[in-house]
Amino acid sequence: MHKLVWWRKAKFGMFIHWGIYAVPAGMWKERKVPGIGEWIMHHARIPVKEYELLGKQFNPVKFDGREWVRVAKNAGMKWIVITAKHHDGFCMFDTKLTDYNIVKMTPFKRDPLEDLAKACKEEGIGFGFYYSQTLDWHHPDGMGNDWDYDPNEKNFSRYLEEYVKPQLRELLTSYGPVTVLWCDIETPTPEQARDLREWVRKFQPNIIISGRIDPRWLGGIGDYRQMGDNEIPPGKVKSDWETCATINDTWGFKSYDHNWKSTGVLIHNLVDIVSKGGNYLLNVGPTAEGTIPQPSVDRLAAVGRWLKVNGESIYGTTTSLFGELEWGRCTTKPGKLYLHVFAWPSDGQVRVVASESKSERAYLLADPKRENLEVKSEGKDLLIKLPTRAPDPIDTVVVVEIERC
Ligand code: FHN
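Here the structure is a predicted model, which is why all the values come from computation and not from measurement.

**Q** How should the sheet that holds strand E15 (residues 357-364) be read in this particular structure?
**A** In sheet architecture, strand pairing relies on hydrogen bonds along the backbone and comes in two forms, parallel and antiparallel. Strands sit in the order E11-E12-E13-E18-E15 across an open sheet of five strands; the sheet is antiparallel. Sheet topology places strand E11 (318-319) and E15 at the edges, where each strand pairs with a single neighbour. The sheet contact formed by strand E12 (residues 328-333) and strand E13 (residues 336-341) spans six bridges and is antiparallel. When the bridges of E13 are listed, Gly-328 appears paired with Val-341. Across the face of the sheet, helix H10 (residues 263-275) comes into contact with E11, E12 and E13 while running at roughly 50° to E12.

Here you go:
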C-alpha cells in the first residue's frame, strides 16, 4: 500500500511546538520580544550560554502525554507532529549526542516523546516529529547563529554526518513506528537532502517526509508539498500538500499572544484546505508547565464536535470540480457532493453546476432523519432548496447524491 494512503484520508493533524522557549514565553529581560515565541533566542540574540540556563528552569510537571493525545483525538485529529528539536537546538528527547536535552538538563528529567508515542499507539493516532535539520543555533556547526559563532568556521557537512544523522537514528529507532518526519528550513543542497532521506528511510521505510527537506521544496524529493506557514492556496493543487498553521500568531508559547482564531475560522480553514485537496496541521504551543493553553483546547474541542457530526464530509474526501464557491466549498466522495454552506443564501437555495450528473436526493448531514431536501434541475445546474435558517451558523453540510447521466 502506498505510504500516503492514510495521510490522504486523515486531513487533520496536530502540530506541537514545545521547547525551553516556553519558559521566557516571549519576554526577555522584562521586555517583550517581537515575533514568534520559538525564535526568541534568535530575535533577542541570546548567547548560547545564557539561553542554555532556561533548561534548568524547564520543569513541565503538568505534562500528561495521554491528555495531549486525547485533546488531539477529541478534536478529530489523526496524527501529531511534535518538535523533537527546533532551531534553538534544545533536544526534547533523550539523546546521547548532547547533554543539552530534556532528560539531562532539566529538573523534569524525563523524555516526553516516550509518553506521547505510547499514548498515540494506544489511541490509534499517528506519531510524528519535527526535526530542525538545518538551523541549529546551539551547535557550533549548525546554521543560523552568527552571534556566538563565526559562520566561516562552521562545517555543515560535519554537523549533518556527526550530529543530525545519529540523532535521527535515535529518533527513528526508539519510539516504534514514526508516521511523519517534519523537516523545516530546507537542507542546503539537493544531494544533502537526498542523502538524508535515504538515511531516514533505512530506519523507517514507511515514514512520510515533508517537502521542506529539500531546497526545491515546491517540487523536490519530499513526499508532499508544504505551503508556506499559514498559507492556504487560492485553488486546487495537483500534488499532495499540507498547510501548517497557528491558532493564535505564534507556534511556541507566548504569554501575551491572545490573538486566537475563532472556531468558525478554524473550521472554515479546514474545509477550505480539504476542498482543495490538502491536509491541515494545526499547531498548539504548550506552556513551560506542560499544558496546552485553554483557548486552544476549547477551540479544538469545538472543531471536534463539528467533525463528529460532519466528519463524513472531510475524512477520505477528494476535491470537487468547483473551486471557491460564493457561499462556501465543496468536497466529494464517489456518488456524493458535500456542499459546505458557510454563508446561508438569502434566496433559500444553493446552486451547483452538475454538468453530466443528475440528482434526486439531497439532505443535511446533521439531520439524523436525513429528510429529503427539494432538488431541481435547471439546465446544467442543480438547485437545492434549503431550510430558511442555517442549522449550523459556521458550516451546514448539504449532501447531494449524484448519478452520472
Ligand atoms: O522557523 C520555523 C518556525 O519557527 C515554525 O517552526 C514554522 C512552522 O512551519 N516553520 C519555520 C518557518 O517556516
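**Q** Help me understand the packing of H10 against helix H11 (residues 294-310), please; the structure alone is not making it clear to me.
**A** Two quantities define a packed helix pair, namely the angle between the axes and the distance from one axis to the other. Where H10 meets H11, the axes come as close as 9 Å, and the angle between the chain directions of the two elements is 50°. When the axes of H10 and H11 are compared, the pair comes out oblique. For H10 against H11, the interelement crossing comes out right-handed. Listed contacts from H11 to Thr-263, Leu-266, Ile-267, Leu-270 and Val-271 of H10 are Arg-299, Ala-302, Val-303, Trp-306 and Leu-307. Class assignment of the residues belonging to the contact of H10 with H11 gives a composition of eight nonpolar, one polar and one charged.

**Q** Is there a simple way to explain the packing of aromatic side chains in this structure?
**A** The relation between two aromatic rings is expressed through the spacing of the ring centres and the mutual angle of the planes. This model, assessed by the stated rule, comprises 20 aromatic pairs. Each ring, one from Trp-137 and one from Trp-147, has its centre 6.4 Å from the other, and the planes form 50°; the classification is tilted. Here Trp-137 is found in the loop between strand E5 (126-131) and helix H8 (156-174), whereas its partner Trp-147 is found in the loop between E5 and H8, with ten residues between them in sequence. Accessibility expressed as a relative area gives 0% for Trp-137, which makes it buried. Joined through ring pairs, the aromatic side chains of Trp-18, Phe-58, Phe-63, Trp-68 and Phe-108 make up one cluster. The residue whose ring lies beneath Lys-32 is Tyr-256, and the NZ or CZ to ring-centre distance is 4.6 Å. Taking the ring centre of Tyr-315 as reference, the NZ or CZ of Lys-78 above it sits at 4.4 Å.

**Q** Just to check I follow, could you spell out the pattern of salt bridges for this structure?
**A** Pairing between side chains of opposite charge can happen when their charged atoms approach one another. The full count for this structure, using the stated rule, is 27 salt bridges. Between Glu-324 and Arg-329 there is a salt bridge, with the nearest N and O atoms lying 3.6 Å from each other. Bridged by salt links that share partners, the residues Asp-272, Lys-276, Glu-324 and Arg-329 form one connected network.

**Q** Explain H10 here, please?
**A** Helical periodicity: at 3.6 residues per turn, an α-helix aligns residues three or four positions apart in one direction. The end-to-end C-alpha distance of H10 is 18 Å, a good match for the 18 Å that 13 residues give at a rise of 1.5 Å each. In terms of burial, H10 is largely enclosed, as eleven of its 13 residues are buried. Of all the positions in H10, only Thr-263, Gly-264, Leu-266, Ile-267, Asn-269, Leu-270, Val-271, Asp-272, Ile-273, Val-274 and Ser-275 are classed as buried. Where H10 terminates, the next one or two residues include Gly-277, which has phi positive at roughly 90°.

**Q** What is the right way to read the sheet that holds strand E16 (residues 375-378) from this model?
**A** With respect to topology, three strands assemble into an open sheet ordered E14-E17-E16, the strand pairing being antiparallel. Bordering the open sheet on either side are strand E14 (349-353) and E16, each of which pairs with just one other strand. The sheet shows a mean angle of 25° between the axes of neighbouring strands, direction not considered. Sheet topology places E14 next to strand E17 (residues 381-385); five bridges connect them, and they run antiparallel. Opposite Val-352, over in E17, you have Leu-382 as the bridge partner.

**Q** Hey, could you run me through the side chain of Glu-52 in this one?
**A** Relative to the helices and strands, Glu-52 is located in helix H3 (residues 48-52). Ignoring sequence-local partners within four residues, the contact set of Glu-52 consists of Tyr-100, Met-105 and His-138.

**Q** Can you walk me through the side chain of Gln-167 in this structure?
**A** Within the secondary structure, Gln-167 sits in helix H8. Judged by relative accessible area, which is 0%, Gln-167 ranks as buried. If we ignore the near neighbours within four places in the chain, the residues touching Gln-167 are Lys-85, Cys-91, Phe-93, Thr-95, Leu-97, Thr-98 and Tyr-131.

**Q** Help me understand the nonpolar core in this model?
**A** Side chains that are nonpolar tend, in soluble globular proteins, to be buried together. In terms of nonpolar packing, the biggest core is built from 100 residues, with Met-14, Phe-127, Phe-129 and Leu-168 touching the most fellow members. Examining the composition of this core, we find that eight residues originate from one element, H8, more than from any other. When near neighbours in sequence (up to four residues on either side) are disregarded, Phe-127 contacts Ile-80, Ile-82, Leu-113, Leu-116, Ala-117, Cys-120, Tyr-175, Pro-177, Val-178, Thr-179 and Val-180. Residues Leu-364, Leu-373, Ile-384 and Leu-386 belong to the second largest nonpolar core, which totals 20 residues.

**Q** Teacher, can you tell me more about the pairing of E17 here?
**A** Two faces make up the sheet, and in a regular strand the side chains alternate between them. By the criterion of burial, E17 is predominantly enclosed, with four of the five residues buried. In terms of strand pairing, E16 meets E17 through four bridges, oriented antiparallel. Note that in E17 the partner of Lys-376 across the bridge is Leu-383. The turn linking E16 back onto E17 is made up of two residues, and Gly-379 within it adopts a positive phi angle of 60°.

Thresholds applied
Residues numbered from 1 in each chain as written. Predicted model: local features only at pLDDT ≥ 70, side-chain atom pairs only at ≥ 80, totals over all residues. Heavy atoms only, no water. Pairing = 2+ DSSP bridges. Helix = DSSP H or I, 4+ residues; strand = E, 2+ residues; numbered from the N terminus. Contact = heavy atoms within 4.5 Å. Axes fitted to C-alpha atoms, helices over the stretch in contact; angles between N-to-C directions. Parallel < 35°, antiparallel > 145°, perpendicular 65-115°, else oblique. Left-handed = near helix turned anticlockwise from the far one by under 90°. Nonpolar A, V, L, I, M, F, W, Y, C, P; charged D, E, K, R; others polar. Phe/Tyr/Trp six-rings, centres within 6.5 Å; stacked < 30°, edge-to-face > 60°. Buried < 20%, exposed > 50% of the residue type's maximum accessible area, 1.4 Å probe, protein only. Lys NZ or Arg CZ within 6 Å of the ring centre and 35° of its normal. Salt bridge = Lys/Arg side-chain N within 4 Å of Asp/Glu carboxyl O. Expected span 1.5 Å × (residues − 1). Core = buried A, V, L, I, M, F, W, Y, C linked by side-chain atoms within 4.5 Å.

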